[in-house]
Amino acid sequence: MASTKYNVLIEKRLLTTFAQNPLKETCKLIPFDDNTQEIDHQYAEKIDGILGVIGLPLVTKCIREESFLNKMPNVKVVISLGAGTDHLNLPLLWKKGIRIATTGKINSGVTAELGFMLLMALARNLKQAMVAAASPETCLTFRQHSFGVRLLGSTLGIIGLGSIGYIVAERAAAFKMNILYHNRTRRSQEDENKVQAKYCETIEKLLSQSDFVMLCVPLTDHTKYLIGAKELKLMKPSTVLINISRGDVVDQDALVKALQAGAIGGAALDVTTPEPLPADHPLLHMPNVIVTPHYAGATKEVLQELLSTGVTNLLAGLKGNPMPNELECPIP
């Protein structure tokens, strides 16, 4: 007699990835995509687990709205393929007895890599250079007037020296940049010495001294709008801001005003509010601003690792076993 399969809600785009995956043997996969607004009622009551990447509308709806979650009374586990938790309604999920796991820090390295790539692109005016290269006239003018700056000896201020921020610091140290950082908790002397990083007790001090500022903090009540009009005014007119954390860490309206006024030198944003930005949003049309589609943590290799870890967590949770990356529930 065949064993009963678990019913797992999964993003449609992930189905092909699971062609040779243990989930095929143990689970019935119920797909959905961005265009799906509801789940068939006959399936909703049978769903045992949810596996998906953060940010898609239905995933967010499933795990944040109680009315929607009530339609799936048998959900035991929610697995998020990423490290962040700001998209999860943790109190609601825990109240309903649903166990939650992320995939840990798997994508920290590639997220840091993209952050440093954006930093280098801003330093050498890459966006403008690509436009200028389209014609001989603009190419010559650009080469005469838009030199950019070198990284050697420049100062990078990192806000949030966790797993991602520290890897950024390692890259910056290799380029012999001066590194300042602000963190909720100061890193050990050994950690600081390895990358020659200097601790700033206040964000204000870091902002006023940095040529590049990179945001690597999680989104919490404390970090929402961490960078606003007041903070932007503290930055030098030549300083550029790189955000690889979450869009709401920056007051976006204040950022637009600062850029339009020439108060800062530029910005590179892998995260925005909303995502994606409307086509007519001013940030998309400024020569000194680079916007990418929140893909810092996405490479082919990392996706495979995320999926593998997600499956391990999912199967363990469905069977009632400990999940390697389970979030600890504070509710007794």
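Cut-offs used in this document
Residues numbered from 1 in each chain as written. Predicted model: local features only at pLDDT ≥ 70, side-chain atom pairs only at ≥ 80, totals over all residues. Heavy atoms only, no water. Phe/Tyr/Trp six-rings, centres within 6.5 Å; stacked < 30°, edge-to-face > 60°. Helix = DSSP H or I, 4+ residues; strand = E, 2+ residues; numbered from the N terminus. Buried < 20%, exposed > 50% of the residue type's maximum accessible area, 1.4 Å probe, protein only. 1 Å grid on protein atoms, 1.4 Å probe; cavity = no way out; pocket = protein on both sides within 12 Å on 5 of 7 lines; lining within 4 Å. Points joined across faces, edges and corners; volume = space filled by probe spheres on them. Nonpolar A, V, L, I, M, F, W, Y, C, P; charged D, E, K, R; others polar. Pairing = 2+ DSSP bridges. Axes fitted to C-alpha atoms, helices over the stretch in contact; angles between N-to-C directions. Contact = heavy atoms within 4.5 Å.

1. Quick word on the packing of aromatic side chains
Point 1. Applying the stated criterion to the full structure yields two aromatic pairs.
Point 2. When the centroid spacing of 5.2 Å and the interplanar angle of 45° are considered together, the rings of Phe116 and Phe175 count as tilted. With Phe116 in helix 6 (residues 108-123) and Phe175 in the loop between helix 9 (163-174) and strand 7 (178-182), the pair connects residues that are 59 residues apart, well separated along the chain.
Point 3. The exposure class assigned to Phe116 is buried, which follows from its relative accessible area of 5%.
Point 4. Relative to Tyr199, the ring of Tyr181 lies with its centre 5.2 Å away and its plane at 55°, an arrangement referred to as tilted. Of this pair, Tyr181 sits in strand 7 while Tyr199 sits in strand 8 (residues 197-199), and the two are 18 residues apart along the sequence.
Point 5. Here Tyr181 falls in the buried class, since its relative accessible area comes to 0%.

2. Observations concerning the layout of surface pockets
Point 1. Empty space within the second largest pocket amounts to approximately 270 Å³.
Point 2. In terms of lining, the second largest pocket is formed by 19 residues, of which the most central are Leu122, Asn125, Val149, Ser238 and Val240.
Point 3. Mapped onto the lining of the second largest pocket, the elements with two or more residues apiece are helix 6 and helix 7 (126-132).
Point 4. Of the residues in the lining of the second largest pocket, the class split is nine nonpolar, eight polar and two charged.

3. A short note on the sheet that holds strand 8
Point 1. Overall, parallel pairing links the seven strands, which are arranged 8-7-6-9-10-11-12 in an open sheet. Of all strands in the sheet, those bounded by a partner on one side alone are strand 8 and strand 12 (289-291). Between one strand axis and the next, the sheet turns through 20° on average, direction left out of account.
Point 2. Both strand 9 (residues 212-215) and strand 10 (residues 240-243) contribute to a ladder of four bridges, which runs parallel. When the bridges of strand 10 are listed, Val213 appears paired with Leu241.
Point 3. Together, strand 6 (155-159), strand 9, strand 10, strand 11 (266-269) and strand 12 form the strand contacts of helix 6, whose direction differs from that of strand 10 by roughly 155°.
Point 4. Across the sheet, helix 9 touches strand 6, strand 7 and strand 9, and the angle it forms with strand 6 is around 170°.

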